[in-house]
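Observations on the model geometry
Each chain, written out:
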Amino acid sequence: GNRELVDAPPPLPRHFVLIVSQTNLPDYYRVWLDLANNLTHLIETRKLRDLVHKMPVLDPHLLSNHRELRLAHLALGFITMGYVWQEGHHAPAQILPKALAWPFWQVSCRLGLPPILTYADTVLANWKLKDPSGNMDLIFSFPGGESCKGFFIVSLLVEMAASSGIRGALEVMRAMKISDLIGIQKGLVKVTQSLKKMKETFKLMHRKFKLTPDNPMLPRGLVYEGLSDEPILLSGGSAAQSSAIQCFDALLCIRHEDETGKGAFLTRMRDYMPPAHRQLIETLSVSPSLRDFILSHSSSDLCQAFNACVSALVDLRSYHLNTVTKYIIVPGNQAPAMGCPLRGVGTVLNTRGTGGSSLMVFLKGVRNATQKTLISERQSVSRESEM
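Computed from a predicted model, the values in this text were never measured in an experiment.

Let's shift gears to the packing of aromatic side chains. Centre distance and the angle of the planes are the two values used to describe a pair of aromatic rings. Tallied over the entire structure, the rule returns nine aromatic pairs. A ring pair is formed by Tyr28 and Tyr29, whose centres lie 4.8 Å apart and whose planes are at 75°; its orientation type is edge-to-face. Measuring from centroid to centroid gives 5.6 Å for Trp105 and Tyr224, while their planes differ by 70°, and the two rings are edge-to-face. With Trp105 in helix H5 (residues 98–111) and Tyr224 in strand E4 (residues 223–224), this pair connects stretches of sequence that are 119 residues apart. Assessed through its relative accessible area of 0%, Tyr224 is described here as buried. Grouped by ring-pair contacts, the aromatic residues Phe78, Phe140, Phe142, Phe151 and Phe152 constitute a single cluster.

The next subject is the layout of surface pockets. Roughly 230 Å³ of internal volume is contained in the second largest pocket. Along the wall of the second largest pocket there are 13 residues; nearest its centre are Ile254, Arg255, His256, Thr267 and Arg270. Those elements giving two or more residues to the lining of the second largest pocket turn out to be helix H10 (243–251) and helix H11 (262–269). A per-class count over the lining of the second largest pocket returns three nonpolar, five polar and five charged.

Quick look at the UniProt feature "binding site: heme b" (unreviewed entry) in the chain now. The positions that UniProt labels "binding site: heme b" (unreviewed entry) are, in the present scheme, His320. Here His320 shows up in helix H14 (residues 300–329). Here His320 falls in the partly exposed class, since its relative accessible area comes to 22%.

Looking now at the side chain of Ser155. Relative to the elements of secondary structure, Ser155 occurs in helix H7 (residues 145–177). With near-sequence residues (within four places) excluded, Ser155 lies in contact with Tyr119, Val123 and Met205.

Taking 1.5 Å per residue, 20 residues should reach 28 Å; helix H4 (residues 66–85) reaches 28 Å between its end C-alpha atoms and fits that length. Between a side-chain oxygen at the N-terminus of H4 and the backbone nitrogen of Arg67 the separation is 3.1 Å; the capping residue is Asn65.

Mapped onto the elements of the fold, Val158 is located in helix H7. Put simply, Val158 and Thr201 are 43 residues apart on the chain and 5.7 Å apart in space, counted from C-alpha to C-alpha. Sequence-distant contacts of Val158, defined by excluding residues within four places in its chain, comprise Met198, Thr201 and Phe202.

Attention now goes to the nonpolar core. In terms of nonpolar packing, the biggest core is built from 114 residues, with Leu188, Phe248, Leu252 and Leu290 touching the most fellow members. A per-element tally of this core places H7 first, with 16 residues. Discounting residues that sit within four places of it in the chain, Phe248 has contacts with Ala162, Gly165, Ile166, Val191, Ser194, Leu195, Met198 and Leu313.

The next point concerns the side chain of Glu68. Secondary-structure assignment places Glu68 in helix H4. The charged side chain of Glu68 is buried without a salt bridge, its nearest counter-charge being Arg110 at 7.3 Å. Every residue in contact with Glu68, bar those within four places of it in the chain, is listed here: Gln22, Leu25, Pro26, Leu62 and Leu63.

Our next topic: the pattern of salt bridges. Scanning the model with the defined rule gives six salt bridges in all. With a shortest N-O distance of 2.6 Å, Glu171 and Lys190 are connected by a salt bridge. Pair noted here: Glu171 is in helix H7 and Lys190 is in helix H8 (residues 181–202), with a separation of 19 residues, a long-range link. Overall, the relative accessible area of 29% leaves Glu171 in the partly exposed class. Residue class for Lys190 comes out partly exposed when judged on its relative accessible area of 36%. The salt bridge involving Lys203 is made with Glu200; its shortest N-O contact spans 3.1 Å. Take Lys203: its relative accessible area is 18%, and that puts it in the buried class. Of the residues examined, Glu200 reaches a relative accessible area of 43% and is grouped as partly exposed.

Analysis parameters
Residues numbered from 1 in each chain as written. Predicted model: local features only at pLDDT ≥ 70, side-chain atom pairs only at ≥ 80, totals over all residues. Heavy atoms only, no water. Phe/Tyr/Trp six-rings, centres within 6.5 Å; stacked < 30°, edge-to-face > 60°. Helix = DSSP H or I, 4+ residues; strand = E, 2+ residues; numbered from the N terminus. Buried < 20%, exposed > 50% of the residue type's maximum accessible area, 1.4 Å probe, protein only. 1 Å grid on protein atoms, 1.4 Å probe; cavity = no way out; pocket = protein on both sides within 12 Å on 5 of 7 lines; lining within 4 Å. Points joined across faces, edges and corners; volume = space filled by probe spheres on them. Nonpolar A, V, L, I, M, F, W, Y, C, P; charged D, E, K, R; others polar. UniProt positions renumbered as here; feature names shortened; annotations may be inferred. Contact = heavy atoms within 4.5 Å. Expected span 1.5 Å × (residues − 1). Polar contact = N/O pair within 3.5 Å; in protein donor to acceptor, adjacent residues only side chain to side chain. Core = buried A, V, L, I, M, F, W, Y, C linked by side-chain atoms within 4.5 Å. Lys, Arg positive; Asp, Glu negative; His and termini not counted. Salt bridge = Lys/Arg side-chain N within 4 Å of Asp/Glu carboxyl O.

What follows is the structure, encoded as structure tokens:
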């Protein structure tokens, strides 16, 4: 409550608005798209690494706009993951060849993203319209067939359901600046409805698709040939890199700091988000506390709207926790199948040898921290009596 009042939040960054991804690059980069478009076949036939070794070192200077850069990052990210994991978990590549490492690094610098395949790549930038009726398809995919495709498509639909909630969050912050209690309440209702829609959309994940256990991150990192002599340790794509959920946490003043390091981990995941997303989360994080504002006003309607919003986020996290238990932790005791290399938050928490316990502790801690943000009747009455 002692944080200084900052300017009203900026308008929704254009990169939060889902636009149809670009699917073509200048002919100079044809080899990148050829490899990325045939990735599943090349991985399954163990031919990808040989073709990467024959690839010329291409200069990314001909990529002239944001969409081209995002498509290049997506293609190079998919090729990188395929190259590293072509031979399976037992023999990951330790060095990324310069023809892949150097342009990937340059494109990443221009975008403000790390040189690794991120959630923002695989979900937000990896879709196209299959037909005029609006049916969506992936641009690139991994081995794993419909299960892998479904994982990414459903994740995208969840993000789309979150977009109205992000707008609601900004409405709340603007209304709070001018003490518009009705505006705050309306914005919170939008966020609550969005969170409920996200949960309903997330249910498609296990109704239609089989999830397989998470793959571990590279334990020693990856050497980017021509750029680094020492391995660079980066996290793989993960739902923890979703900008939307961290925006809602920042709005609702949910704190994840404790001895398990949840807060530090989630803050680090912001480095894997597009800069515009990261900036919005940080703006919300340093804005005046919405929870303290509500406690300082004797409005039961406002308190109820805040609690309904927090409860909807608790429900979403509880559902996610149950889904992870059923479809990732339990199957994790079986031999992992060759499939999609990106499977949610577990990819960056390294669940090997723990039966998934570290992942479960993390998810339960995040859910419990959310629940603690609820305003109790005692807190509300106590604040009223102080006024």
